[in-house]
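Single-letter residue listing:
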Amino acid sequence: MTAKQGERRRYMREHQGQTIEFSVGETVPPGSRTPATSCTGVLVDVSASGIGFLTDLRLRPGNRITFSMTDVPRAGVVMWTLQTEKMFRVGVRFTETNG
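Computed from a predicted model, the values in this text were never measured in an experiment. (Residues numbered from 1 in each chain as written. Predicted model: local features only at pLDDT ≥ 70, side-chain atom pairs only at ≥ 80, totals over all residues. Heavy atoms only, no water.)

A. Highlighting the overall build of the chain. Of regular secondary structure, the chain possesses one helix and seven strands. Reading the helices (α) and strands (β) of the chain from amino to carboxyl end gives α-β-β-β-β-β-β-β. Among the 99 residues that make up the chain, the fraction classed as buried is 32%. Considering only contacts in the chain between residues 6 or more positions apart, those separated by 24 or more positions represent 48%. (Helix = DSSP H or I, 4+ residues; strand = E, 2+ residues; numbered from the N terminus. Buried < 20%, exposed > 50% of the residue type's maximum accessible area, 1.4 Å probe, protein only. Contact = heavy atoms within 4.5 Å.)

Here's what the structure looks like:
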């Protein structure tokens, strides 16, 4: 099987490398207000459906985050987290635009 045959993604990824600032809420229903923790990470890739980034904060599937991309407020839900040697690789699916 070639790499293309094994590809499961619906959208192409655009590889990044910039710093991203994000805020984390708990696993809550959309629209609920919870205290947020402000953090940073390194953006790895972006697609039409979500982002991937590295951070030193352990996020869990279901955590809701807010962040800004090209000055556009965005929101998403953590779908998966993979621990690397010193960081966590996080996959986030976009959920809504704040604003």
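Back to the text.
B. Looking closely at the side chain of D45. Positionally, D45 belongs in strand β3 (residues 37–46). At a separation of 3.2 Å, a polar atom in the side chain of D45 contacts the side chain of R89. (Polar contact = N/O pair within 3.5 Å; in protein donor to acceptor, adjacent residues only side chain to side chain.)

C. A look at the environment of R64. Its place among the elements puts R64 in strand β5 (residues 64–69). What makes R64 partly exposed here is its relative accessible area of 24%. Sequence separation of R64 and F94 is 30 residues, and the distance between their C-alpha atoms is 9.8 Å.

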